[in-house]
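One-letter residues, chain by chain:
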Amino acid sequence: MAGGYFMSDGRLIVLERHPDGPREACGVLGIWGKERSAEVAHLCYLGLYALQHRGQEGAGIVTFDGERMRLCKGVGLVPDVFDEDNLAELEGFAGIGHVRLAGKEERHVVNTQPFLVRSSYGSLAAAQNGRLLNGSELQEKLLSAGTVLQTDSDSELILNLIAQSGEESLPAAVAKTLELIEGAYALVVLSEDMLLAARDPWGNRPLSLGRLDEGYMVASESCAIANLGGEVIREVEPGELLILDQGGWRTYRQQGAARKALCSFEHVYFARPDSCIGGKNAYLVRKAIGRELAKEAPVNADVVIGAPDSGVAPALGFAEAAGLPFEIGVIKNRYVGRTFMRPTQAARRMAVRIKLNPVVDVLHGKRVAVVDDSIVRGTTSGKLITLLRDAGAREVHMYVASPPYRFPCFYGNEPSSQSELVASGRTLDELKDLIGADSLHYISIDGLVRAIGIPRDQLCLACFTGEYPIAPANYWREEDGKEHL
Ligand code: 5GP
Ligand code: SF4
Ligand code: MG
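Counting restarts for each chain: residues are numbered from 1 in the order of the written sequence. All chains are assigned letters beginning with A, and all ligands numbers beginning with 1, in the order in which they are written. Selection of residues for local features in this predicted model requires a pLDDT of at least 70, selection of side-chain atom pairs for listing and counting requires 80 or more, and totals for whole chains, interfaces and linings are taken over all residues. For side-chain calculations, the full set of non-hydrogen atoms in the structure is used, while hydrogens and water are omitted.

Novice: It is not clear to me how the pairing of strand β23 (residues 395-400) should be interpreted in this structure. Could you clarify?
Specialist: A regular strand carries its side chains on alternate faces of the sheet. Relative accessible area decides the class of each residue, using a 1.4 Å probe on protein chains only: under 20% of the type maximum gives buried, over 50% gives exposed, and in between gives partly exposed. Numbering of helices and strands runs from the N terminus, with a helix taken as a DSSP run of H or I at least four residues long and a strand as a DSSP run of E at least two residues long. Counting buried positions over the six residues of β23 gives five, a clear majority of the element. Assessed by its sense of winding, the connection that carries the chain from strand β22 (residues 367-372) through helix α13 (residues 379-390) to β23 is right-handed. Sheet topology note: the β23/strand β24 (residues 439-442) ladder contains four bridges and is parallel. Among the inter-strand pairings, Tyr 399 is bridged to a residue of β24, identified as His 441. Handedness of a crossover: with both strands directed away from the viewer, a clockwise path from the first strand across the helix to the second marks it as right-handed. Should DSSP find at least two bridges between two strands, the strands are regarded as paired.

Novice: How should I be thinking about the sheet that holds strand β15 (residues 248-254) in this particular structure?
Specialist: In any sheet, the strands associate via hydrogen bonds between backbone groups, in a parallel or an antiparallel arrangement. Reading across the sheet, the six strands line up as β7-β8-β9-β10-β14-β15 and stay open at both edges, with antiparallel pairing between neighbours. Looking at the sheet topology across the chains shown, the edges are occupied by β7 (115-119) and β15. Strand-to-strand twist in this sheet, taken as the mean axis angle between neighbours without regard to direction, amounts to 25 degrees. Judged from the five bridges that link them, β7 and strand β8 (residues 122-132) form a sheet pairing that is antiparallel. Bridge pairing in β8 links Phe 115 to Ala 126. The convention used is that axes are lines fitted to C-alpha atoms, helices contributing only their stretch in contact, and that angles between N-to-C directions extend from 0 to 180 degrees.

Novice: Looking at this structure, I do not really get the packing of aromatic side chains. What am I missing?
Specialist: Centre distance and the angle of the planes are the two values used to describe a pair of aromatic rings. Here the aromatic set is Phe, Tyr and Trp, taking the six-membered ring for Trp, and pairing holds for ring centres within 6.5 Å; pairs whose planes are under 30 degrees apart are stacked, those over 60 apart are edge-to-face, and all others are tilted. Evaluated as defined, the whole model comprises twelve aromatic pairs. Judged by centre distance (5.9 Å) and plane angle (70 degrees), the ring pair of Tyr 269 and Phe 270 falls under edge-to-face. Overall, the relative accessible area of 43% leaves Tyr 269 in the partly exposed class. Its relative accessible area of 10% is what places Phe 270 among the buried residues. Ring geometry for Tyr 411 against Tyr 468: centres 6.2 Å apart, planes inclined by 75 degrees, an arrangement best described as edge-to-face. Of the two residues, Tyr 411 is situated in the loop between β23 and α14 (428-435) and Tyr 468 in strand β26 (residues 467-468); the sequence distance between them amounts to 57 residues. One exposure class covers both Tyr 411 and Tyr 468, and it is buried. Ring pairs connect the aromatic residues Phe 265, Tyr 269, Phe 270, Tyr 405 and Phe 464, which therefore count as one cluster. Working rule: Lys NZ or Arg CZ, within 6 Å of ring centre, within 35 degrees of ring normal, means a charge sits over the ring. Geometry around Phe 115 places Lys 73 over its ring, the cationic atom sitting 4.2 Å from the centre.

Novice: Just to check I follow, could you spell out the domain arrangement of the protein for this structure?
Specialist: Buried accessible area, meaning the area lost when the parts come together, often serves as the stated size of an interface. Taken domain by domain, the protein holds domain 1 (5-261) and domain 2 (283-455). One C-alpha centre belongs to domain 1, the other to domain 2, and the line joining them spans 33 Å. As used throughout, domain bounds are those supplied by an automatic or database domain assignment.

Novice: Which parts of the structure should I look at to understand the packing of helix α9 (residues 282-296) against helix α10 (residues 312-322)?
Specialist: To characterise two packed helices, one gives the angle between the axes of the helices and the distance between these axes. Relative to each other, α9 and α10 sit at 45 degrees, their axes nearing to 6 Å. Accordingly, the angle class assigned to the pair α9 and α10 is oblique. Between α9 and α10 the crossing geometry is right-handed. Residues Tyr 283, Arg 286, Lys 287, Gly 290, Arg 291, Leu 293 and Ala 294 of α9 form the contact with α10, whose own contacting residues are Ala 313, Pro 314, Leu 316, Gly 317, Phe 318, Glu 320, Ala 321 and Ala 322. Of the residues assigned to the contact of α9 with α10, the class counts are nine nonpolar, two polar and four charged. In these notes the angle categories are as follows: under 35 degrees is roughly parallel, over 145 is roughly antiparallel, 65 to 115 is roughly perpendicular, and the rest is oblique. Crossing chirality is assigned from the near helix's rotation relative to the far helix, an anticlockwise turn below a right angle marking it left-handed and a clockwise turn marking it right-handed. Should any heavy atoms of two residues lie within 4.5 Å, those residues are counted as being in contact. Ten residue types, Ala, Val, Leu, Ile, Met, Phe, Trp, Tyr, Cys and Pro, are classed as nonpolar, four, Asp, Glu, Lys and Arg, as charged, and the remainder, Gly among them, as polar.

Novice: Explanation requested: the pattern of salt bridges in the structure shown.
Specialist: Two side chains carrying opposite charge are able to pair once their charged atoms lie near each other. Think of a salt bridge as a Lys or Arg side-chain nitrogen and an Asp or Glu carboxyl oxygen that are within 4 Å of each other. Taken as a whole and judged by the stated rule, the model has 19 salt bridges. Taken together, the shared-partner salt bridges in this structure form one network comprising Glu 292, Lys 295, Glu 296 and Arg 450.

Novice: I would appreciate a short explanation of unusual backbone geometry in the present structure.
Specialist: Residues other than glycine predominantly adopt negative phi, and peptide bonds predominantly adopt the trans conformation. In this chain, Gln 113 is followed by Pro 114 through a cis amide linkage whose omega measures 0 degrees. With respect to the helices and strands, Pro 114 occurs in the loop between β6 (94-100) and β7. In this chain, Pro 308 is followed by Asp 309 through a cis amide linkage whose omega measures -15 degrees. Note on placement: Asp 309 falls in the loop between β19 (303-306) and α10.

This is the structure we're talking about:
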């Protein structure tokens, strides 16, 4: 038993089985070219570059040229997987792509996406960013009906559900499949006639629709559309199933849930700062979080710095509202790969310094306010604070641009094991001592919601509040009256 959690309607729910599944906060895109001559592989490749921050463990592209679908995928970063030769082989005017975030143990190429199969609807490829809460149940059903599965991937499951739907048309088959799956996702399906794109009914995962010179596209983040020189038409609505084909784009179905639940961590950390999610620009939201934080918390500092790189935007807002100078206090070396150091204390310290070096003249003798987006395991901030003290900082005050992250994410965005979360079961004081700060301040939930600028009942804040907005009946067992937390 992993514990009990409160749903947003106040019911106490108890977790029946620990969903320690893969993290799937990946990135997806799909492009349908207007002209059959459009060369989509390069567009997919460049689009995946723009989504690289959403997943570094694997990448893949499927293209369709009017006759054949072609797949290329592998483990690693986008430029590790693709080169001029394999991109040249990916002929076609339509395609989908995926970048994958995964735990170390699941880095194998079999789990990378997209998946490509043959079905009664012709060739079908799918890629998805998300995590199905009822994935195991659906998997068991398929297996007992004689289906053979090669992977644990939800995308393979989805392709089988589509293929076995019994519906006459592919859009109806996909719509029926969306009725069966429960969870948070952004899904793209490529067929020989159309590209289908769907966003979960809560709108937990982001997905945007755009227009390119060459056709239409969808992508997890608007920055991918902008990077390809496209124009964002709008965000895909929660529960919407879009079809992109020779005729342009149209909505096939719209079936949102009772409430929206956009992942608030998109604005805190996941999204690239030049993306807009829920109609809000991520960079400006982060600055606003920093301003709120400076208003809420006591500030006794000479200088404000951001933890590289994710703390910079909130630190700018923080410095602005606190009336303090913002400085670059640490330099991150972007070119360091593995350091091949022996695991001694001295070597470890050197390895940190090679990746992250303080600007001593900014820090020496100063009271430093350091802003970071979030604390998960607590190791990053611990190392950073040691580094600042070694550089002569007189005091180090830590400001966090998200509320204490205490509850696991069951939607595949963040680590799902509560034991990994350093803020879980610790007081603020204990946390402060653990990371070695002189003081520690988190933004409040109200402050975060104000800064995002989206009503609280349209956001998922579960990892901060423990109130889970998406909890299907067959996944959770209700229990009344008992405290499980
Ligand atoms: P930790 O506390 O786990 O040592 O490090 C947290 C920091 O790592 C955050 O400030 C964030 O910038 C970075 N980070 C890297 N990957 C993730 C992720 O998947 N989720 C979150 N919340 N932060 C991450
Ligand atoms: Fe995002 Fe947290 Fe909700 Fe997971 S629990 S979807 S990380 S806000
Ligand atoms: Mg950070």
